[in-house]
Amino acid sequence: MNFDELYNIAKDTLNPRELSKNSYAGSVAAAILSESGKIYTGVCIDTPCSMGFCAEHAAIAAMITAGENRIIKVIAVCSDGRIVPPCGRCREFICQIHDENYKCEVMFEKDRILTINELLPNRWE
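Just so we're clear, the structure is a prediction, and the values are computed from it rather than from any experiment.

A. The arrangement of helix 3 (residues 88-97) in detail. All of the buried residues along helix 3 are Cys90, Arg91, Ile94, Cys95 and Ile97. Elements in contact with the buried residues of helix 3: helix 2 (55-65), strand 4 (71-78), strand 5 (105-109) and helix 4 (116-119).

Okay, structure coming up:
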């Protein structure tokens, strides 16, 4: 699966909405290609007090629930169509759930692909 296909899956997963007077979800969506070839998706949940989580975390949770933890490719897309790289917390999380995930490819921006290792150099192990 190529990144154009993953981009479209992530974009189709977007579902921006208000959850409560202070909480929102779905303004960023992520799509993950696992080692088995399955695609897992998730959306962000934005809440006060930093209790929400990123779209990548939601997609990873779905993947782990299904019994997988090796990520081959990941992409996150904002509701305006922009590609956004994973934040530092997501980069660490990706590395920590499988020893080979540092090789995971990330679409950093249109036509620019980096590995998690390039985005998180000198990580602790």
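B. Here's a closer look at the packing of helix 2 against helix 3. Their axes nearest at 10 Å, the elements helix 2 and helix 3 cross at an angle of 15°. As far as their axial angle goes, helix 3 and helix 2 are roughly parallel. The way helix 2 lies across helix 3 gives a crossing that is left-handed. Facing helix 2, whose interface residues are Glu56, His57, Ile60, Met63 and Ile64, helix 3 presents Arg89, Cys90, Phe93, Ile94 and Ile97. Its residues placed into classes, the contact of helix 2 with helix 3 shows seven nonpolar, one polar and two charged.

C. Summary view of the nonpolar core. Counting 24 residues, the largest nonpolar core has Val28, Ile32, Ile60, Met63, Ile71 and Val74 as its most contacted members. Of all elements in the fold, only strand 2 (24-34), strand 3 (39-46), helix 2, strand 4, helix 3, strand 5 and helix 4 reach the threshold of two or more residues within this core. What methionine 63 contacts, discounting residues up to four positions off in sequence, is Ile32, Ser34, Tyr40, Glu68, Asn69, Arg70, Ile71 and Ile97. Of all hydrophobic cores here, the second largest spans 12 residues; its members include Leu6, Leu14, Ala29 and Val43.

D. Structural context of the side chain of arginine 70. As for its position among the elements, arginine 70 is in the loop between helix 2 and strand 4. Buried within the structure, arginine 70 lacks any salt-bridge partner; its nearest side chain of opposite charge belongs to glutamate 35, at an N-O separation of 4.4 Å. Looking at arginine 70, its side chain comes within polar contact range of the main-chain oxygen of glutamate 100, at 3.3 Å. Here asparagine 101 takes part through its side chain, which lies 3.5 Å from a polar atom of the side chain of arginine 70. Excluding its chain neighbours within four sequence positions, the residues that come into contact with arginine 70 are Leu33, Ser34, Glu35, Met63, His98, Glu100, Asn101 and Lys103.

E. Region of interest: the environment of methionine 51. You can see methionine 51 is positioned in the loop between strand 3 and helix 2. Exposure remark for methionine 51: the relative accessible area of 67% places this residue in the exposed category.

F. Broad picture of the side chain of histidine 57. With respect to the secondary-structure elements, histidine 57 resides in helix 2. Not counting residues within four places of it along the chain, the set of residues in contact with histidine 57 comprises Arg89, Cys90 and Phe93.

Conventions and cut-offs
- Residues numbered from 1 in each chain as written.
- Predicted model: local features only at pLDDT ≥ 70, side-chain atom pairs only at ≥ 80, totals over all residues.
- Heavy atoms only, no water.
- Buried < 20%, exposed > 50% of the residue type's maximum accessible area, 1.4 Å probe, protein only.
- Helix = DSSP H or I, 4+ residues; strand = E, 2+ residues; numbered from the N terminus.
- Contact = heavy atoms within 4.5 Å.
- Axes fitted to C-alpha atoms, helices over the stretch in contact; angles between N-to-C directions.
- Parallel < 35°, antiparallel > 145°, perpendicular 65-115°, else oblique.
- Left-handed = near helix turned anticlockwise from the far one by under 90°.
- Nonpolar A, V, L, I, M, F, W, Y, C, P; charged D, E, K, R; others polar.
- Core = buried A, V, L, I, M, F, W, Y, C linked by side-chain atoms within 4.5 Å.
- Lys, Arg positive; Asp, Glu negative; His and termini not counted.
- Salt bridge = Lys/Arg side-chain N within 4 Å of Asp/Glu carboxyl O.
- Polar contact = N/O pair within 3.5 Å; in protein donor to acceptor, adjacent residues only side chain to side chain.

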